[in-house]
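Structural overview for review
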Amino acid sequence: MDGKEAAARRAVQEIESGMVVGLGTGSTATFAIRAIGERIQKEGLAVRGLPTSQRSEALARVVGIPLLDFSQVTELDLTIDGADEVDNAFNLIKGGGGALVQEKIVAAASRKMVIICDSSKVKSTLGAFPLPIAIVRFGWHSTLRKLEGFGHEVSLRRLPDGSPFVSDDGLYIADMHCGTIPNPPDYVARIKRIVGVAEVGLFVGLATAVVIGKDDGTTEVRLPS
């Protein structure tokens, strides 16, 4: 069992029958979705899930998780999701899979957000991983030029055939190569002031716990100090 799976399985043990659970997106979240499905099958766990992407929705259906949408719920009990980076203050970079808008909407509607990762994702300062920024497709050239005003290299995410990557929301993703992000809240505020930016892959003040998995199957649970 690798660290990602260990973290996912530890986090899923916190789920109780009757909960509404946000289902994250990405390789680590996939382990969590599968583990929830196992608990449903083996223990009769009675939960409902709200997926953050089409990929997560498809997997949840395969493993037998009953699903909801936002027309049926006002608050989620718990969201379990991965992160591209997490710092000691529980600030996150998310969006490597392109689902950052829906991930942030679900996280903001959740009473708790548990981040699952291996130790490679834990950083003292965010920014080594390129910061994903969801932008409106109309006028994207102009939006990209304004993002370049931050002084970092910014690239439009593309598919292997060279065409632009389009998120489930119909948005493009710009990746900003920051190097370091010393003040995540300030970055969020400044970037979101740019017309054409839909959302920023910096999650500030949303994570309530971080579960770090190790390759020997053990885990470390970190809570806010």
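Our subject in this report is the structure included herewith. (Residues numbered from 1 in each chain as written. Predicted model: local features only at pLDDT ≥ 70, side-chain atom pairs only at ≥ 80, totals over all residues. Heavy atoms only, no water.)

Looking at the overall build of the protein chain
Regarding its fold elements, the protein chain presents six helices and 13 strands. Relative to a compact globule of 225 residues, whose C-alpha radius of gyration would be 17 Å, the protein chain shows 17 Å and is just as compact. Oriented by its inertia axes, the alpha-carbon framework of the protein chain measures out at about 55 × 35 × 35 Å. When contacts within the protein chain are restricted to residue pairs at least 6 apart in sequence, those whose partners lie at least 24 apart make up 74%. When the 25 positive and 27 negative side-chain charges of the protein chain are each reduced to one mean point, those points stand 3 Å apart. (Helix = DSSP H or I, 4+ residues; strand = E, 2+ residues; numbered from the N terminus. Rg over C-alpha atoms; globule rule 2.2 N^0.38 Å. Contact = heavy atoms within 4.5 Å. Lys, Arg positive; Asp, Glu negative; His and termini not counted. Charge placed at Lys NZ, Arg CZ, Asp CG, Glu CD.)

Notes on the state of the cysteines
Put plainly, a disulfide is one covalent bond tying together the sulfur atoms of two cysteines. Summed over the entire model, instances satisfying the criterion amount to zero disulfides. Not part of a disulfide, Cys117 finds its nearest cysteine sulfur in Cys178, a span of 20 Å. (Disulfide = S-S within 2.5 Å.)

Let's talk about the sheet that holds strand S5 (residues 92-93)
The antiparallel open sheet is built from three strands, whose spatial order is S4-S5-S11. Lying at the two open borders of the sheet, with one neighbouring strand each, are strand S4 (85-86) and strand S11 (202-203). (Pairing = 2+ DSSP bridges.)

A word on helix H3 (residues 54-63)
Of the residues making up H3, those classed as buried are Ser56, Leu59, Ala60 and Val63. Buried residues along H3 cover an arc of 105° about the axis, so they all sit on one side. Across H3 from its buried face, at more than 90 degrees, point the exposed residues Gln54, Arg61 and Val62. Looking at the buried residues of H3, the elements they touch are strand S1 (20-23), helix H2 (27-43) and strand S2 (48-51). (Buried < 20%, exposed > 50% of the residue type's maximum accessible area, 1.4 Å probe, protein only. Arc of directions from axis to C-beta.)

Quick word on the sheet that holds strand S7 (residues 131-135)
Strand order in the open sheet formed by four strands is S8-S9-S7-S10, and the pairing between neighbours is antiparallel. Here the strands that pair on one side only, and so sit at the sheet edges, are strand S8 (153-156) and strand S10 (197-200). In this sheet, neighbouring strand axes are inclined to one another by 30° on average, regardless of whether the strands run parallel or antiparallel. Relative to strand S9 (residues 172-177), S8 runs antiparallel, the two sharing four bridges. If you follow Leu156 over to S9, its bridge partner there is Ala174. (Axes fitted to C-alpha atoms, helices over the stretch in contact; angles between N-to-C directions.)

Structural notes on the pairing of S1
On any regular strand, side chains alternate: one points to one face of the sheet, the next to the other face. Across the two faces of S1 the burial is the same, with Val20 and Gly22 and Val21 and Leu23 all buried. Pairing of S1 with S2 involves four bridges; the strand directions are parallel. Pairing of Val20 across the sheet is with Arg48, part of S2. Chirality of the crossover, the property in question, places the unit of S1, H2 and S2 among those that are right-handed. Where S1 lies against strand S3 (residues 78-81), three bridges are found, and the strand directions are parallel. Across the sheet, the residue bridging to Val21 is Leu78, located in S3. (Right-handed = clockwise from strand over helix to strand, strands pointing away.)

What to know about the packing of aromatic side chains
Within this structure, the stated rule accounts for two aromatic pairs. Ring geometry for Trp140 against Tyr172: centres 6.0 Å apart, planes inclined by 80°, an arrangement best described as edge-to-face. With a gap of 32 residues between them, Trp140 in helix H5 (residues 140-148) and Tyr172 in strand S9 connect regions that are remote in the sequence. One exposure class covers both Trp140 and Tyr172, and it is buried. Positioned above the aromatic ring of Phe203 is the side chain of Lys94, whose terminal nitrogen or guanidinium carbon lies 5.7 Å from the ring centre. (Phe/Tyr/Trp six-rings, centres within 6.5 Å; stacked < 30°, edge-to-face > 60°. Lys NZ or Arg CZ within 6 Å of the ring centre and 35° of its normal.)

Quick notes on the side chain of Asp77
Counting through the fold element by element, Asp77 comes out in the loop between H3 and S3. Within the structure, the side chain of Asp77 is placed 3.2 Å from the side chain of Arg111, a separation counted as a polar contact. Excluding residues within four positions of it along the chain, Asp77 makes contact with Gly18, Met19, Val20, Arg111 and Lys112. (Polar contact = N/O pair within 3.5 Å; in protein donor to acceptor, adjacent residues only side chain to side chain.)

Section: the packing of H2 against H3
For any two helices packed against each other, one specifies the inter-axial angle together with the distance between the axes. As a packed pair, H2 and H3 sit with axes 9 Å apart at the nearest point and diverge in direction by 25°. In terms of orientation, H2 and H3 fall into the roughly parallel class. Viewed along their axes, H2 and H3 form a crossing whose handedness is right-handed. Contacts from Thr30, Ile33, Arg34, Gly37 and Gln41 of H2 reach H3 at Ser56, Leu59, Ala60 and Val63. Its residues placed into classes, the contact of H2 with H3 shows four nonpolar, four polar and one charged. (Parallel < 35°, antiparallel > 145°, perpendicular 65-115°, else oblique. Left-handed = near helix turned anticlockwise from the far one by under 90°. Nonpolar A, V, L, I, M, F, W, Y, C, P; charged D, E, K, R; others polar.)

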